[in-house]
Amino acid sequence: MVTGRKRDERLSDVPIAISVIQPDMAGEMAARRSVHDELASAEGAFTTNLGPGRDRIFLRGVADSAFNGSTQSTVNIYLDDARVSYATPDPDLRLLDIDRVELLRGPQGTLYGSGALGGIVRIIPNKPDLQNWSGMAAIEGSQVAHGGLGGAIEAVINAPLISGRLGFRLAAYGDQVGGWIHDQAREASDVNRSRRFGARAILGWQIADAWRADVGLTTQWLNVRDSQYAFRGLERSTARAEPHDNDFLAATVAVRGKLGALDLTSSTAYVTHEFSSIYDATSRASALGLAAPLGFEEHRLLTLATHEIRLSDSVSRRPWVTGATILQAENTLQDSYLPPASPNIRLLSQHNDSLEAALFGEVTQPLGKNWSATIGARAYLSRVDNEQDGQTARRARKQGITPSLTLSWRPLDHGVVWLRYASAVRPGGINTDGDSSARSFQSDDLKSLELGWRLTLADGRLRLNGSLFGLRWENVQSDTLGMDSLVRTINAGRARNVGAELSAALRFEPFQVEGNLTVQRGRLYRPSPAANALGDDNRLPVLPDYAGGLKLTYARPVGDAMLGGFVSARYTGSARLSFDPSLDRPMGDFWVSDVGAELSRGNWKAGLTVANLFDQREDSFGYGNPFTLRTIDQRTPMQPRTLTLRLQKHF
């Protein structure tokens, strides 16, 4: 069962491109254990590799920039029904005690609103069991080749406080990933070590037979000692460290119940997300008349409040959902130079206040025995107020409708084929430092047409999923670097992408083989002057034209134990960093292989994995220092071969 369309449905019946990722051995023992790791094996999904807490997620070929500016992300992240992201990178939450991750590819403007140009990532945590005590404890250790040691501890406890009425669930963790970048100038090794601590607590209350409330608090503190780029191999030379700090907190309240035959859901969230990065800006010290070594800090604070209430009927002859939502987001940005032994020099102070309100609905009409049509629309109003360094506040407004239409055919009991039109918008904003020819950057608008299928054959042993898509993207919002190395937002022009996303899984006991393939052609076909997209290479940033993977898993009983293992390989084609030729860097075009084995007996489980088995060093999707990006060849190598050993007990 999935809830990606905001009502309960069988996955095999949902006529949209949705993938369900459930934690397995490979995912549980990934070094970072985050959405970044889980998406590595999904078709149509790509992420940058700037470092923990700094990465951006891209789905369905909708990629605007590798840089983290003030624009909304093209992919929205949800904790269950609550949106927890806005103009922020992926917070890199450790996926502990997660039921599943639902990945919706393609524009989702009708049900999810602004910013959902590329799709949605929904993290669904396990809810408190109000009847039974349970728990889990785990410890793991890891070793990064050419780098340092790491490890993690995890614990989960579920406690029914009042049997059948009130329950509490707590998941807590701490981890360290050993660094692998060495700085020769500072004679420092493993400089990019990261540490992360977090917890999620949920209180579940069965208010009445058909009514339940879940109150949750999720928090995480992530500290990275230094950046993970290099000048050659795994080495670089900088005058000072470049630490990153990322702190996340989300308070959520979800109430679900019945109004007669209808399902009511109310979801409220309050999020604070604070992060900062420091760069070595010594290369600009003499031009600014400041002492070296010079640092530069970008600091951001997001405060996000959302509320949505909706009614749905999933079992009627014409299933439908309708609701209303409101969102308020406050972004505070501060840029400062950090001279040694001197007060900080404030370069920029900016405050953006965004308000969005919407009404949405979707209904499915049967058309004969196996056919149906689904029509949906969202009417929205958005407003952005901007203040910078005491200047007069400026305002940008946007209102409109984002429709969707789906025609679906069910030739099998567990299969569906669909043709879908969908759209999404991302409101514009104030262009304080961007294109000098305009005082604001425009909203961008994406429309998509998709032919998709999800089929289950051979008594469930064979699954075939896929989609052929084409999209058109108007007024592409893109973050880029100015000549002063500061991030600015521009409208890069018009883009389009056509492609295919395919996946299959075949189970033949005791083996299962899975594969996926993404083929696409994302191009900026009418660049604006601000994009500075000169030359013949007009590919969208970060996106490779080809990517795919294979995975073979094995599981069978051995006496009273269960033995399992896997081997996987994935290929990522060549891509580019930016539209701007002066910032562009070739990257990608590499294979990565992982292997692992697991033995479980009773409540105990032990596993061993080796990630990046062949210790690949190719340049992945990231950049390093914006102040030297134009003058020094920087590369972001993949994490070297990493061995992880895990021991886990359920009780």
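Before any of the text, the structure's been laid out above.
Residues numbered from 1 in each chain as written. Predicted model: local features only at pLDDT ≥ 70, side-chain atom pairs only at ≥ 80, totals over all residues. Heavy atoms only, no water.

Chemist: Hey, could you go over the overall build of the chain for me, with residue numbers and the actual values?
Modeler: Along its length, the chain carries four helices and 35 strands. For 651 residues, the compact-globule estimate of 2.2 N^0.38 gives 26 Å, and the C-alpha radius of gyration of the chain, at 24 Å, lies within 12% of that figure. Principal-axis analysis of the C-alpha atoms gives the chain an extent of 70 × 60 × 50 Å. Summarising the internal contacts of the chain: among those between residues at least 6 apart in sequence, 66% fall at separations of at least 24. Accessible surface, the chain as shown: approximately 25,600 Å² in total, 59% of it carbon and sulfur. One way to put it: in the chain the 72 positive side-chain charges average out to a point 4 Å from where the 72 negative ones average out. (Helix = DSSP H or I, 4+ residues; strand = E, 2+ residues; numbered from the N terminus. Rg over C-alpha atoms; globule rule 2.2 N^0.38 Å. Contact = heavy atoms within 4.5 Å. Areas by Shrake-Rupley, 256 points an atom, 1.4 Å probe, with all protein chains shown as cover. Lys, Arg positive; Asp, Glu negative; His and termini not counted. Charge placed at Lys NZ, Arg CZ, Asp CG, Glu CD.)

Chemist: Describe the pairing of strand β33 (residues 586-601), naming the residues involved and giving the relevant values.
Modeler: On a regular strand, one side chain projects to one face of the sheet and the next to the other, so that they alternate. Across 14 bridges, strand β32 (residues 561-576) lies against β33 in antiparallel orientation. Bridge pairing in β33 links tyrosine 571 to tryptophan 591. As paired elements, β33 and strand β34 (residues 604-611) share seven bridges and run antiparallel to each other. Bridge pairing in β34 places arginine 601 opposite tryptophan 604. (Pairing = 2+ DSSP bridges.)

Chemist: Can you lay out unusual backbone geometry for me, pointing to particular residues and giving the numbers?
Modeler: In this structure, proline 293 follows alanine 292 across a cis peptide bond, with omega equal to -5°. Among the structural elements, proline 293 can be located in the loop between α4 (285-288) and β17 (295-313). With omega at 5°, the peptide bond leading from glutamate 509 into proline 510 counts as cis. Position of proline 510 among the secondary structure elements: in the loop between β29 (493-508) and β30 (511-527). A positive phi angle, close to 65°, is found at lysine 6, a residue other than glycine.

Chemist: How would you explain the layout of surface pockets if you had to name every residue and give the values?
Modeler: In this structure, the second largest pocket occupies an estimated 460 Å³ of space. Along the walls of the second largest pocket sit 22 residues, with Thr3, Asp8, Asp81, Arg256 and Thr265 positioned nearest its centre. Looking at the lining of the second largest pocket residue by residue, the class counts come to three nonpolar, five polar and 14 charged. (1 Å grid on protein atoms, 1.4 Å probe; cavity = no way out; pocket = protein on both sides within 12 Å on 5 of 7 lines; lining within 4 Å. Points joined across faces, edges and corners; volume = space filled by probe spheres on them. Nonpolar A, V, L, I, M, F, W, Y, C, P; charged D, E, K, R; others polar.)

Chemist: How would you explain the packing of aromatic side chains if you had to name every residue and give the values?
Modeler: Applying the stated criterion to the full structure yields 10 aromatic pairs. Where phenylalanine 296 meets tyrosine 337, the ring centres are 5.5 Å apart and the plane angle is 65°; that geometry is what we call edge-to-face. In this pair, phenylalanine 296 is assigned in strand β17 and tyrosine 337 in strand β18 (residues 320-338), connecting sequence segments 41 residues apart. For the pair phenylalanine 296 and tyrosine 337, one class covers both residues: buried. Connected via pairs of aromatic rings, a cluster forms that spans Phe296, Tyr337 and Phe627. The lysine or arginine in question, lysine 6, covers the ring of phenylalanine 360, its NZ or CZ lying 5.0 Å from the ring centre. (Phe/Tyr/Trp six-rings, centres within 6.5 Å; stacked < 30°, edge-to-face > 60°. Buried < 20%, exposed > 50% of the residue type's maximum accessible area, 1.4 Å probe, protein only. Lys NZ or Arg CZ within 6 Å of the ring centre and 35° of its normal.)

Chemist: Go over the environment of leucine 301, please, and point to the residues and values.
Modeler: With respect to the element layout, leucine 301 can be found in strand β17. With a relative accessible area of 30%, leucine 301 lands in the partly exposed category. As a C-alpha pair, leucine 301 and leucine 524 span 223 residues in sequence and 32 Å in three-dimensional space. Apart from residues lying up to four places away in sequence, leucine 301 is in contact with His273, Glu274, Glu330, Asn331 and Thr332.

Chemist: Hey, could you go over the sheet that holds strand β7 (residues 119-125) for me, with residue numbers and the actual values?
Modeler: Taken together, the five strands give an open sheet; going across it, the order is β1-β6-β7-β4-β5, and neighbouring strands pair in mixed fashion. Both outer strands of the open sheet, β1 (18-21) and β5 (82-83), are each paired with one neighbouring strand and no more. Note that strand β4 (residues 75-79) and β7 share five bridges and pair parallel. Looking across to β7, one finds that tyrosine 78 is bridged to arginine 122.

Chemist: Explain empty space enclosed by the protein to me, using residue names and the numbers behind them.
Modeler: By the definition in use, this model includes 16 cavities of 30 Å³ or more. Here the second largest cavity is characterised by a volume of approximately 280 Å³. Contributing to the lining of the second largest cavity are 26 residues, with Arg83, Tyr112, Thr325, Leu327 and Arg378 lying nearest its centre. Breaking the lining of the second largest cavity down by element, the ones donating at least two residues are β5, α3 (109-112), β17, β18, β19 (345-366) and β20 (371-388). Residue contributions to the lining of the second largest cavity peak at four residues, all from β20. Counted by class, the lining of the second largest cavity contains 11 nonpolar, nine polar and six charged residues.

Chemist: Pulling in residues and values, what's your account of the side chain of serine 142?
Modeler: Inspection of the secondary structure puts serine 142 in strand β8 (residues 134-144). For serine 142, a relative accessible area of 14% translates into the label buried. Leaving out residues up to four positions away in the same chain, serine 142 has contacts with Gly148, Leu149, Gly150, Gly151, Gln176, Thr642, Leu643 and Thr644.

Chemist: I'd like a rundown of the pattern of salt bridges, residues and numbers included.
Modeler: Tallying each qualifying case throughout the model produces 48 salt bridges. The partner of arginine 426 in a salt bridge is aspartate 64, and the shortest N-O contact between them spans 3.0 Å. With arginine 426 in strand β22 (residues 415-426) and aspartate 64 in the loop between β3 (57-59) and β4, this pair connects stretches of sequence that are 362 residues apart. On the accessibility criterion, arginine 426 (0% relative accessible area) is buried. Accessibility expressed as a relative area gives 0% for aspartate 64, which makes it buried. Note that arginine 646 and glutamate 154 form a salt bridge whose closest N and O atoms lie 2.7 Å from each other. You can see arginine 646 sitting in strand β35 (residues 642-650) and its partner glutamate 154 sitting in strand β9 (residues 149-162), a full 492 residues away along the chain. For arginine 646, a relative accessible area of 4% corresponds to the buried category. In the salt-bridge network here, residues are joined through shared partners; they are Lys6, Asp80, Asp81, Asp99, Arg100, Glu102, Arg122, Lys127, Arg256, Glu308 and Arg310. (Salt bridge = Lys/Arg side-chain N within 4 Å of Asp/Glu carboxyl O.)

Chemist: Got a sec to walk through the pairing of β22? Specific residues and values, please.
Modeler: Judged by how many residues are buried, β22 sits mostly within the fold: nine of 12 residues are covered. Between the end of strand β21 (residues 394-412) and the start of β22, which pair antiparallel, lie two residues. Here 12 bridges tie β22 to strand β25 (residues 444-457), and the two strands are oriented antiparallel to one another. Within β25, the position partnered with arginine 420 by the bridge is glutamate 450.

Chemist: Please set out the nonpolar core residue by residue, giving values where relevant.
Modeler: Side chains of a nonpolar character, in soluble globular proteins, are inclined to be buried together. With 43 residues, the main nonpolar core has Phe296, Trp473, Ala492, Tyr623 and Leu629 as its most contacted residues. Within the residue set of this core, elements represented by two or more residues are β26 (462-474) and β33. Excluding residues within four positions of it along the chain, phenylalanine 296 makes contact with Ser277, Ile278, Tyr279, Ala281, Asp335, Ser336, Tyr337, Leu338, Leu347, Leu486 and Phe627. Ranked by size, the runner-up nonpolar core spans 27 residues in total, among them Ile21, Leu79, Ile123 and Ala250. (Core = buried A, V, L, I, M, F, W, Y, C linked by side-chain atoms within 4.5 Å.)

Chemist: Give me the side chain of asparagine 68: which residues, what numbers.
Modeler: With respect to the helices, strands and loops of the structure, asparagine 68 is situated in the loop between β3 and β4. A distance of 2.8 Å separates a polar side-chain atom of asparagine 68 from the backbone oxygen of arginine 54. With residues up to four places along the chain from it excluded, the contact list for asparagine 68 reads Leu50, Arg54, Arg56, Pro89, Arg300, Asp479 and Val487. (Polar contact = N/O pair within 3.5 Å; in protein donor to acceptor, adjacent residues only side chain to side chain.)

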